[in-house]
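The primary structure of each chain is shown beneath.
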Amino acid sequence: MVMSQSAVRELVHDQLFPAFDDQREKLERIDGWYRFDPEKLKLPRDATREHKWLEELSRTPWLNLVVTTVAQAMYVDGFVSPTSGDDVDVWRTWNANGFDARQVAIHRAALAYGQAYVLVTPGTDASGPRSVMRGISPRRMYVQYADKAEDDWPMFGLRADAASRSKWMLRVYDDEAVYYLSCDASGDGLEFIEWREHAADVCPIVRYTNALDLDGRTHGEVEPLIPLAIRINKTAYDRLLTQHFNSWKIRTIAGIDLSKGPVDSDGDGTITDAERRQAAERAKMLLRQSDMLTAADPNTKFGTLDETPLDGFVNAYGADVDTLAAVAQVPATSLNGKVANLSADAITELHRGLTQKVYERQRYFGQSHAQALRLAARLEGQDVDPSARITWQDTEVRSMSQAADALGKYAQMLEVPVEALWQRIPGVTKTDVDEWKAISRRGAAAGIASAAQQARQDPTVARLTSRGNQG
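Residues numbered from 1 in each chain as written. Predicted model: local features only at pLDDT ≥ 70, side-chain atom pairs only at ≥ 80, totals over all residues. Heavy atoms only, no water.

Peer 1: So what's going on with the packing of aromatic side chains? Residues and values would help.
Peer 2: By the definition in use, this model includes nine aromatic pairs. Between the aromatic rings of W62 and Y317, the centroid separation amounts to 6.2 Å while the plane-to-plane angle is 55°, which identifies the pairing as tilted. Taken together, the residues W62 in helix α3 (residues 62–71) and Y317 in helix α8 (residues 311–328) connect sequence positions 255 residues apart. With a relative accessible area of 8%, W62 lands in the buried category. What makes Y317 partly exposed here is its relative accessible area of 24%. Clustering of aromatic rings is evident, with ring pairs tying together F17, F20 and W168. Sitting over the ring of Y359, R363 keeps its end group 4.4 Å from the ring centre. (Phe/Tyr/Trp six-rings, centres within 6.5 Å; stacked < 30°, edge-to-face > 60°. Helix = DSSP H or I, 4+ residues; strand = E, 2+ residues; numbered from the N terminus. Buried < 20%, exposed > 50% of the residue type's maximum accessible area, 1.4 Å probe, protein only. Lys NZ or Arg CZ within 6 Å of the ring centre and 35° of its normal.)

Peer 1: Outline the nonpolar core, listing residues and values.
Peer 2: The biggest cluster of nonpolar side chains holds 58 residues, and the ones touching the most others in it are F79 and V222. Sort the elements by how many residues they give to this core and helix α11 (residues 352–379) lands first, with 10 residues. Leaving out residues up to four positions away in the same chain, V222 has contacts with I30, W33, Y34, L63, V67, L111 and A112. Residues M3, V8, F156 and V172 belong to the second largest nonpolar core, which totals 20 residues. (Core = buried A, V, L, I, M, F, W, Y, C linked by side-chain atoms within 4.5 Å. Contact = heavy atoms within 4.5 Å.)

Okay, here's the thing in structure tokens:
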């Protein structure tokens, strides 16, 4: 049943908007680390402009790199029915909505923030009914479940778009309709605009989670790694601080006094701190490369104070980055850029953690993609094979010779059909495989037609062909 205007306003004011505001505040911190604006390091109150400048230089977008490393190994390339082996009809809706590219933003949002959403609504195009599918960031949507661990569909969803700094445009979704409202920045001053039925029979929002547990909790790749990222930036700042102020030798002279002492410039009989600093500056010797130091006093001694070594900072920085790679389950080479001369088995072991992590995330996201496509098909009046599943492009990095050798053994020793192995060739997309299958079918049809024509022209060939078919 469609909600009344007063019920919608009460729901938004008392539940949905306050929860959305709390969620957005939490996600803003995560977004800063994900989108290249991490928290500043805490500096002393008397920090100079140089200290603040060095602190800015110490920030590195490590956590964006972690998300990118995982996201670049996940790419949907089909929605296949096991019974027919072909893409189901609703795959055209996927392509019509540009999800060939939009899926990347959805995956990245779910990985970074812990969840993302796809809104599925009715629509049409030149060919007839065509559902509209759009990804939405959790920074713009809050979803409420009766049981957030078990329910596939939410009870309500609130989408908030900023019309200005002081006004939000709101859309509330339930299993019957979408309600349009507006409010001020604090969620007050709610005004009901209109409502429209959406005919989905469920709240048409599909949730994508990075890692959902049995309590309905989910977290992204960024939040657990923030303390580690802060530690890395602190180590980088300490190294830059030492490099900037203490990375060269200091020349010393003992047994000679070059200072003329502070001067009482105002004649009041007291020496100020500024006058002492001026005297110290006058005592400094500015030496050029060709200058030579001499002293009349034979007790004068010249020497140097060594620079502060940076090796300890560099090693600590590398250790912190390796710790980040281990906790994030990404290859250390993805973060530090160092490549060693490793064997194929060693490289496989190095990527094992990432491979298992990507496999787990594909299970979560694949289920959500399938749920969205089934809803899209229902809105278009299509029937979808319940066992249809999402397929993922093989993005594992392997050399072409290794792949060819392995796939050849699958075909020859295990008798796996050759066509089933095409999609596992590195760099080959689903479109390439479909084109190859079409070419293969055309070639097979041409061969059959040629054999039939030859049989009609040569009776001997016809008899042999007939015996072969009987055998």
